[in-house]
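Chain by chain, the residues run as shown.
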Amino acid sequence: MRTSLISLFAGAILAAPFTAGAAEPVADAAAIVKAANWDAMETITVELTEHSFTPQDLKLKAGQPYRLVIKNAGQKDHYYTAAEFFKSVAWRKVQTPKPNGGEIKAPYFTAVEAYKNGGTVELFFVTVNKGEFEVVCTIDDHKDQGMHGSIVVE
């Protein structure tokens, strides 16, 4: 399981194309994560099904530590892709549930895939840059069928 998690995220980071003019990942992420009050962390769960995100849109506060739980309740694999948002936060880690999961640390991610029938991935980060960011499922025509939304950081 740990090997597949590492392969999944390494592939997402390395294979994703860079968008022209895209912002660089947060430069001082380690210091931001270290200074954050993780006791004040807010947890938000997004459920993926055919073909929706619930909630579809998220409103977050800049400077707040979050645990974003992506849970797939659907019968198909789904992505939660928000490349520009993922570059705009300070990452602590991404993990799959214990005891058999794993964790990975990286400067940023472009997408998270949650496998069908209960796949769960937990993202730990501090919001840094304000703005509105698109979220989509990039598998087949899932976006066109309704798997899209936004993350707004105020």
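Structural data are supplied above this passage.
The structure contained in this document is the topic of the report that follows. (Residues numbered from 1 in each chain as written. Predicted model: local features only at pLDDT ≥ 70, side-chain atom pairs only at ≥ 80, totals over all residues. Heavy atoms only, no water.)

Quick word on the overall build of the chain
Consideration 1: Secondary structure assignment for the chain yields 3 helices and 11 strands.
Consideration 2: Intrachain contacts of the chain at a sequence separation of at least 6 include 77% that bridge at least 24 residues.
Consideration 3: When the accessible surface of the chain is totalled, it reaches about 7900 Å², and 52% of it is carbon and sulfur. (Helix = DSSP H or I, 4+ residues; strand = E, 2+ residues; numbered from the N terminus. Contact = heavy atoms within 4.5 Å. Areas by Shrake-Rupley, 256 points an atom, 1.4 Å probe, with all protein chains shown as cover.)

With respect to the pairing of strand β11 (residues 148-153)
Consideration 1: A large share of β11 lies buried, amounting to 5 of its 6 residues.
Consideration 2: Sheet topology note: the strand β10 (residues 131-136)/β11 ladder contains 6 bridges and is antiparallel. Counted as the bridge partner of Val135 is Gly149 from β11. (Buried < 20%, exposed > 50% of the residue type's maximum accessible area, 1.4 Å probe, protein only. Pairing = 2+ DSSP bridges.)

As for the nonpolar core
Most often, soluble globular proteins have nonpolar side chains that are buried together.
Consideration 1: Of all hydrophobic cores here, the largest spans 32 residues; its most connected members are Tyr80, Phe85 and Leu123.
Consideration 2: Once residues lying within four places of it in the same chain are set aside, the contact partners of Leu123 are Tyr66, Arg67, Leu68, Ile70, Phe86, Trp91, Lys93, Val94 and Val112.
Consideration 3: Membership of the second largest hydrophobic core comes to 8 residues, among which are Val33, Trp38, Ala90 and Val126. (Core = buried A, V, L, I, M, F, W, Y, C linked by side-chain atoms within 4.5 Å.)

Description of the pattern of salt bridges
Consideration 1: By the definition in use, this model includes 5 salt bridges.
Consideration 2: Of the charged contacts in the structure, one is a salt bridge between Arg67 and Glu122, with a shortest N-O distance of 3.2 Å. Of this pair, Arg67 sits in strand β4 (residues 65-72) while Glu122 sits in strand β9 (residues 120-127), placing them 55 residues apart in sequence.
Consideration 3: Residue classification places Arg67 among the partly exposed residues on the basis of a relative accessible area of 24%.
Consideration 4: With a relative accessible area of 10%, Glu122 lands in the buried category.
Consideration 5: For the salt bridge of Glu84 with Lys87, the shortest nitrogen-to-oxygen distance reads 3.8 Å. On the criterion of helical spacing, the pair formed by Glu84 and Lys87 is a turn pair, its members being 3 residues apart in helix α3 (residues 83-87). (Salt bridge = Lys/Arg side-chain N within 4 Å of Asp/Glu carboxyl O.)

Comments concerning the side chain of Thr127
Consideration 1: For Thr127, the position within the fold is in strand β9.
Consideration 2: Here Thr127 falls in the buried class, since its relative accessible area comes to 1%.
Consideration 3: If we ignore the near neighbours within four places in the chain, the residues touching Thr127 are Leu60, Lys61, Ala62, Gly63, Gln64, Tyr66, Phe85, Val89 and Val153.

Description of the sheet that holds strand β1 (residues 42-49)
Two modes of strand pairing occur in sheets, parallel and antiparallel, and in both the strands are linked by backbone hydrogen bonds.
Consideration 1: Strands sit in the order β2-β1-β4-β9-β6-β7 across an open sheet of 6 strands; the sheet is mixed. The strands lining the two open edges of the sheet, one partner per strand, are β2 (52-54) and β7 (103-104).

Let's talk about the packing of aromatic side chains
Consideration 1: Per the counting criterion, the structure on display carries 8 aromatic pairs.
Consideration 2: Pairing Phe85 with Phe133 gives two aromatic rings, centres 5.6 Å apart and planes at 65 degrees, and the pair type is edge-to-face. Here the residue Phe85 occupies a position in helix α3, and Phe133 occupies one in strand β10, the gap between them amounting to 48 residues.
Consideration 3: Since its relative accessible area comes to 12%, Phe133 is described here as buried.
Consideration 4: On the basis of an interplanar angle of 65 degrees and a centroid distance of 5.5 Å, the ring pair of Trp91 and Phe125 is categorised as edge-to-face. One end of the pair, Trp91, is in strand β6 (residues 89-95); the other, Phe125, is in strand β9, and 34 residues separate them in sequence. The two residues Trp91 and Phe125 agree in class, both being buried.
Consideration 5: Taken together, the aromatic side chains of Tyr66, Phe85, Phe86, Trp91, Phe109, Phe125 and Phe133 make up a single cluster linked through ring pairs. (Phe/Tyr/Trp six-rings, centres within 6.5 Å; stacked < 30°, edge-to-face > 60°.)

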